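Reading the structure
One letter stands for each residue in the lines below.
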Amino acid sequence: MTEAILLVGGKGTRLRPLTVNTPKPMVPAAGVPFLTHQLARARAAGVEHIVLATSYLAEVFEPYFGDGSGLGLHIEYVTEEEPLGTGGAIRNVAARLHSGPDEPVLIFNGDILTGLDVRALVATHETTGADVSLHLTRVEDPRAYGLVPTDATGRVTAFLEKPQTPEEIVTDQINAGAYVFRRSVIDTIPAGRPVSVERETFPDLLATGAHLQGMVDSTYWLDLGTPQAFVRGSADLVLGRAPSPAVPGRCGDRLVLPTARVAPDAKLTGGTVVGEGARIGEGARITGSTILSGAVVEPGAVITDSLIGTGAHIGERTILSGTVIGDGAVVGPDNELREGVRVWCDAKIPAGALRFSSDQ
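Quick summary incoming for the structure in this document. Just so it is clear, the model here is predicted, and its values are computed rather than measured.

A few words on helix 4 (residues 118-128). Buried within helix 4 we find Val118, Leu121, Val122, Thr124 and His125. For helix 4, the arc enclosing every buried residue in end-on projection is 155°, short of the 170-degree limit, so these residues lie on one face. Exposed and facing more than 90 degrees away from the buried side of helix 4 are Arg119 and Thr127. Those residues of helix 4 hidden inside the fold are in contact with strand 6 (104-109), strand 8 (132-138), strand 11 (173-182) and strand 12 (212-216). One side-chain oxygen at the N-terminal end of helix 4 lies 3.3 Å from the backbone nitrogen of arginine 119; it belongs to aspartate 117.

So, in structure tokens, the structure goes:
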């Protein structure tokens, strides 16, 4: 297995305002665009050729990654004129693949952080003779996911979309968003229209008797679709809980990029990342958060499990917990923003304007 498809065309609507100016795979996690971690892990697993299936803000990817040689890869880019869904995106890039009909092609979703043993998934695919092999993981509450029950040999028996009742929860195994396709199977996906692999391709393959194999790998797995999950994933990369060869520094409690300035008495913990050119003032306390490039955190601010966008400004003594501050936004001094608050790009909140508790 030497080539892969990475699906990076989604709009990332659940991550807004982070994705107003930046496609989801390019939002920095642990100091580099999240996509860098996926590309590096693919390369470590032996992949040499990757096709990026782009759509939303497609023009951002190639200027950053170029031909992929900096990562030891050959990267090509294919842009969808209209969104085609997961299956349609895979079919849309098929002409760029070099594999023979029976050779394996690895496919990743662009928003999953995982410790998946890619080589083991490919080995499972080859030893079982499957047409498609799926990475499955187990979750405590599978109601928000598509269930994938398997038989005793690991062969997939059904695809059950988001169960609503206890009786419908027949397994805790879910589709974890990484696949190995036999190259010829990709050509059976209808071309030129939206197709969902989860709702159309996989069920249709099962119905025609194709062999779909599941491999349960319950190492680290996180869907980065929400701001809270994205912040947690970045922190886990810094802390070393999530594996990646692309973290630009040693794993530990904090990651401060070279041109950032941090006051000597500021306290950074819990996998906090401070981006290029950012500035952290005296006495600031930041836990489990991401401060993107050029952002400013004034003295005495307290930031927990939050993401501060590029060029944003956080005023003195302001308290943020579980919040997202968009690019260029200004949150004045003495504000208090709590879980779930999203401040849009370039918005301005005056001093002491928003609080969840008394100002005393």
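Attention now moves to the sheet that holds strand 20 (residues 290-291). Overall, parallel pairing links the six strands, which are arranged 14-17-20-23-26-29 in an open sheet. The open sheet has two edge strands with one neighbour each: strand 14 (254-256) and strand 29 (342-343). Looking at chain direction, strand 26 (residues 324-325) and strand 29 are connected through two bridges and run parallel. Note that in strand 29 the partner of isoleucine 325 across the bridge is valine 343. Sheet strands in contact with helix 7 (residues 227-239) are strand 14, strand 17 (272-274), strand 20, strand 23 (307-308), strand 26 and strand 29, and its direction is about 90° off that of strand 17.

What follows concerns helix 7. Counted at 1.5 Å a residue, the expected span for helix 7 with its 13 residues is 18 Å, and the 18 Å between its end C-alpha atoms agrees. Inspection of helix 7 places Pro227, Ala229, Phe230, Val231, Gly233, Ser234, Ala235, Asp236, Leu237 and Val238 among the buried residues, and these make up the whole buried set. Looking one or two places after helix 7, you find glycine 240, whose phi comes out positive at around 90°.

We now examine the nonpolar core. If you look at the biggest cluster of nonpolar residues, it comprises 29 residues, and the most contacted ones within it are Ile5, Ile107, Leu134, Phe181, Ile186, Phe202 and Leu212. Those elements giving two or more residues to this core turn out to be strand 1 (3-7), strand 4 (49-54), helix 3 (85-92), strand 6, strand 8, strand 11, helix 5 (183-186) and helix 6 (197-207). With residues near it in sequence (within four places) discarded, phenylalanine 202 still touches Val132, Leu134, Phe159, Asn175, Tyr179, Phe181, Val197 and Leu212. Residues Ile50, Leu52, Phe108 and Leu116 belong to the second largest nonpolar core, which totals 25 residues.

Below, the discussion takes up the environment of glutamate 62. Residue placement: glutamate 62 occurs in helix 2 (residues 61-65). In this structure, the C-alpha to C-alpha distance between glutamate 62 and valine 51, residues eleven residues apart in sequence, is 11 Å.

So, on to the packing of aromatic side chains. A full pass over the atoms with the stated rule returns seven aromatic pairs. Both rings, one in tyrosine 64 and one in phenylalanine 65, keep their centres 4.8 Å apart while their planes meet at 70°; by these two values the pair is edge-to-face. The class for tyrosine 64 is partly exposed, based on a relative accessible area of 48%. Taking the relative accessible area as the measure of exposure, phenylalanine 65 reaches 10% and is therefore buried. When the ring of tyrosine 179 is compared with that of phenylalanine 202, the centres are 5.1 Å apart and the planes differ by 75°; the resulting orientation is edge-to-face. Taken together, the positions of tyrosine 179 in strand 11 and phenylalanine 202 in helix 6 put the pair 23 residues apart, joining distant regions of the chain. Comparing tyrosine 179 with phenylalanine 202, the two get one shared label, buried.

With that out of the way, let us pick up the pairing of strand 6. By the criterion of burial, strand 6 is predominantly enclosed, with six of the six residues buried. Burial along strand 6 is two-sided: the residues Pro104, Leu106 and Phe108 and Val105, Ile107 and Asn109 are all buried. Pairing of strand 1 with strand 6, which is carried by four bridges, proceeds in the parallel orientation. Residue pairing for strand 6: isoleucine 5 is matched across the bridge by isoleucine 107.

This part takes up the sheet that holds strand 27 (residues 330-331). The six strands lie next to each other as 15-18-21-24-27-30, forming an open sheet whose pairing is parallel. Among the strands making up the open sheet, the edge pair consists of strand 15 (261-262) and strand 30 (348-349). As paired strands, strand 18 (residues 279-280) and strand 21 (residues 296-297) are joined by two bridges and run parallel to one another. Across the sheet, residue arginine 279 finds its bridge partner in strand 21, namely valine 296.

Right, let's get into unusual backbone geometry. With an omega of 10°, the peptide bond between arginine 16 and proline 17 qualifies as cis. Looking at the element boundaries, proline 17 is found in the loop between strand 1 and strand 2 (28-29). The backbone of arginine 317 shows a phi angle near 65°, a positive value even though the residue is not glycine. Take arginine 317: it is sitting in the loop between strand 24 (313-314) and strand 25 (319-321). For aspartate 334, which is not glycine, the phi torsion reads 60° and is therefore positive.

The subject of this paragraph is the environment of serine 358. Relative to the elements of secondary structure, serine 358 occurs in the segment after strand 30. Classification of serine 358 as partly exposed rests on a relative accessible area of 45%. Sequence separation of serine 358 and glutamate 336 is 22 residues, and the distance between their C-alpha atoms is 9.7 Å.

Once that is clear, we can look at the pattern of salt bridges. Scanning the entire structure with this criterion turns up 14 salt bridges. Of the charged contacts in the structure, one is a salt bridge between arginine 96 and glutamate 76, with a shortest N-O distance of 3.0 Å. Taken together, the positions of arginine 96 in the loop between helix 3 and strand 6 and glutamate 76 in strand 5 (residues 74-79) put the pair 20 residues apart, joining distant regions of the chain. Note on glutamate 76: relative accessible area 17%, which makes it buried. Note that aspartate 334 and arginine 317 form a salt bridge whose closest N and O atoms lie 2.7 Å from each other. Of this pair, aspartate 334 sits in the loop between strand 27 and strand 28 (336-337) while arginine 317 sits in the loop between strand 24 and strand 25, placing them 17 residues apart in sequence.

About the cut-offs
- Residues numbered from 1 in each chain as written.
- Predicted model: local features only at pLDDT ≥ 70, side-chain atom pairs only at ≥ 80, totals over all residues.
- Heavy atoms only, no water.
- Buried < 20%, exposed > 50% of the residue type's maximum accessible area, 1.4 Å probe, protein only.
- Helix = DSSP H or I, 4+ residues; strand = E, 2+ residues; numbered from the N terminus.
- Arc of directions from axis to C-beta.
- Contact = heavy atoms within 4.5 Å.
- Polar contact = N/O pair within 3.5 Å; in protein donor to acceptor, adjacent residues only side chain to side chain.
- Pairing = 2+ DSSP bridges.
- Axes fitted to C-alpha atoms, helices over the stretch in contact; angles between N-to-C directions.
- Expected span 1.5 Å × (residues − 1).
- Core = buried A, V, L, I, M, F, W, Y, C linked by side-chain atoms within 4.5 Å.
- Phe/Tyr/Trp six-rings, centres within 6.5 Å; stacked < 30°, edge-to-face > 60°.
- Salt bridge = Lys/Arg side-chain N within 4 Å of Asp/Glu carboxyl O.

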